Amino acid sequence: MIERVSRLEQKVTCMDSRLGLVEQDLRALGKKMDAHFYWTLTAMAGIVGLLAKGFKWL
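Looking only at helices and strands, the protein chain features one helix and zero strands. Computed over C-alpha atoms, the radius of gyration of the protein chain comes to 25 Å, more than 25% over the 10 Å expected from 2.2 N^0.38 for 58 residues, which places it beyond the range of a compact globule. Reported as C-alpha extents along the three principal axes, the dimensions of the protein chain are approximately 80 × 15 × 10 Å. With 58 residues in all, the protein chain has 2% of them scored as buried. Entry remark: accessible area of the protein chain is about 6,000 Å², with carbon and sulfur atoms responsible for 68%.

This is the structure we're talking about:
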């Protein structure tokens, strides 16, 4: 019985460390997505501005 409990504890410890790594990766991905989102938003605003000027809406 004690052996089974120790095996379960080892598996839980391994899962805990893996979840920690996944959390780190998700945080890094979120930071990258924020940066790309702002660049895309800026580019789209520029394109819309050029279209408005080209069609003489401004």
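So, about unusual backbone geometry. For Lys 56, which is not glycine, the phi torsion reads 60 degrees and is therefore positive. Among the structural elements, Lys 56 can be located in the segment after helix H1 (2–54). Looking at Lys 56, the relative accessible area reads 68%, which means it is exposed.

Let's shift gears to H1. Along its 53 residues, H1 runs 77 Å from first to last C-alpha, staying within 8% of the 78 Å computed at 1.5 Å per residue. Burial of H1 is sparse: only one of the 53 residues sit out of reach of the surface. Phi for Lys 56, located one or two positions after H1, is positive at around 60 degrees.

What follows covers the packing of aromatic side chains. For the structure shown, the criterion picks out two aromatic pairs. With a centroid separation of 5.3 Å and 25 degrees between ring planes, the pair formed by Phe 55 and Trp 57 is classed as stacked. Relative accessible area serves as the criterion here: at 54%, Phe 55 is assigned to the exposed category. Using a relative accessible area of 64% as the deciding quantity, one classes Trp 57 as exposed.

Moving on to a nonpolar patch on the surface. The grouping of Met 44, Ile 47, Leu 51, Phe 55 and Trp 57 at the surface amounts to a nonpolar patch, some 600 Å² of accessible area in total. Checked against the element boundaries, Phe 55 lands in the segment after H1.

What counts, and where the lines are drawn
Residues numbered from 1 in each chain as written. Predicted model: local features only at pLDDT ≥ 70, side-chain atom pairs only at ≥ 80, totals over all residues. Heavy atoms only, no water. Helix = DSSP H or I, 4+ residues; strand = E, 2+ residues; numbered from the N terminus. Rg over C-alpha atoms; globule rule 2.2 N^0.38 Å. Buried < 20%, exposed > 50% of the residue type's maximum accessible area, 1.4 Å probe, protein only. Areas by Shrake-Rupley, 256 points an atom, 1.4 Å probe, with all protein chains shown as cover. Expected span 1.5 Å × (residues − 1). Phe/Tyr/Trp six-rings, centres within 6.5 Å; stacked < 30°, edge-to-face > 60°. Patch = residues over 30% accessible without salt bridge, like charges linked within 9 Å, V, L, I, M, F, W, Y side chains within 5 Å. Salt bridge = Lys/Arg side-chain N within 4 Å of Asp/Glu carboxyl O.

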